[in-house]
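Below, each chain spelled out in residue letters.
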Amino acid sequence: MIPKITQYLQQKNNRIVKDSTYLLTSMRLKGVVLLLIFLGLVGCKRGASVNPTNNNTTGNTNNTSVITTTVTTNLDNAALLKLVNNVRATGCNCGTTAMPPVAPLDWNDVLAKSSLIHSIDMNATDQFIHSSSDGTSFSDRITAAGYKWRTVGENIAAGQTTEQQVFTDWLNSEGHCKNMMNGSFKDMGAARVGNYWTQDFGTLQ
């Protein structure tokens, strides 16, 4: 699969990687929703290596090696969650911004469902964008999936073939790294269709 050009292009290890990040935070102030968007493409340097567990069994969430899920995500949920939670536990530099350690994320099936819907859409339409092909924003898609959020964010990527690869590419992009290190997020879900990846974050109301 040859990824399509979008807002960012990064050449790394002879592989073209395209990805972008949106962060939307809702602040209920006279019914107004404030939209905060931060995008970047700078490296995140880690102080320790992160090693995923290759485990497809089911169980409970957090920084464990097993996850209970009813969503067919086409990826190793536990491995990706562990990668994210390991770096959240140690902290890192997202570009030039030092991000302190934060609490681990829990796996959330509703966010996984929203991620799957978007990865299916991107794969079917060959479009690499946060909005759905019908114009629905990522935050409205997450709401429609049933996640009653206080704050949400999303990372997408195209062209990667493993959880480690997509995690590393997100980690090496400042905006995506900040999403993964955002202490305001409590939940994460992700899904892959073909080589289109979606990673949704959120905190319930």
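Residues numbered from 1 in each chain as written. Predicted model: local features only at pLDDT ≥ 70, side-chain atom pairs only at ≥ 80, totals over all residues. Heavy atoms only, no water.

(A) Inspection of the confidence of the model for the protein at higher detail. Counting all residues, the mean pLDDT for the protein is 76, and 68% of those residues have values of 70 or more. Long-range and interchain partners of residues 1-65, a stretch whose pLDDT sits below 50, account for 186 contacts in this model, where long-range means more than four residues apart. (pLDDT = per-residue confidence, 0-100. Contact = heavy atoms within 4.5 Å.)

(B) Spatial organisation of the packing of aromatic side chains. For the structure on display, the rule yields 1 aromatic pair. With a centroid separation of 5.4 Å and an interplanar angle of 15°, the aromatic rings of F185 and F201 are classed as stacked. Of this pair, F185 sits in the loop between helix 5 (174-180) and strand 8 (187-193) while F201 sits in strand 9 (residues 196-204), and the two are 16 residues apart along the sequence. F201 shares its class with F185; the two are buried. (Phe/Tyr/Trp six-rings, centres within 6.5 Å; stacked < 30°, edge-to-face > 60°. Helix = DSSP H or I, 4+ residues; strand = E, 2+ residues; numbered from the N terminus. Buried < 20%, exposed > 50% of the residue type's maximum accessible area, 1.4 Å probe, protein only.)

(C) Structural detail: the nonpolar core. Core analysis: the largest hydrophobic core is formed by 31 residues, its most contacted members being F167 and M188. Among the elements that make up this core, the one with the highest residue count is helix 1 (residues 77-90) (6 residues). (Core = buried A, V, L, I, M, F, W, Y, C linked by side-chain atoms within 4.5 Å.)

(D) View of the pattern of salt bridges. Going through the model one piece at a time under the given rule, you end up with 3 salt bridges. As a salt-bridge pair, D200 and R141 come within 3.5 Å of each other at their nearest N and O atoms. On the criterion of sequence distance, the pair formed by D200 in strand 9 and R141 in helix 3 (residues 138-145) is long-range, its members being 59 residues apart. In this structure D200 comes out as buried when scored by relative accessible area, which is 0%. One network of salt bridges, in which partners are shared, links R141, E154 and D200. (Salt bridge = Lys/Arg side-chain N within 4 Å of Asp/Glu carboxyl O.)

(E) Examining the state of the cysteines more closely. Under the counting rule described, the total for this entry stands at 1 disulfide. Paired by a disulfide, C94 and C177 hold their sulfur atoms 2.0 Å apart. In this structure, the disulfide formed by C94 and C177 twists by about -70° around the S-S bond and is classed as left-handed. With C94 in strand 4 (residues 92-94) and C177 in helix 5, this pair connects stretches of sequence that are 83 residues apart. Each member of the pair, C94 as well as C177, carries the same accessibility label: buried. (Disulfide = S-S within 2.5 Å.)

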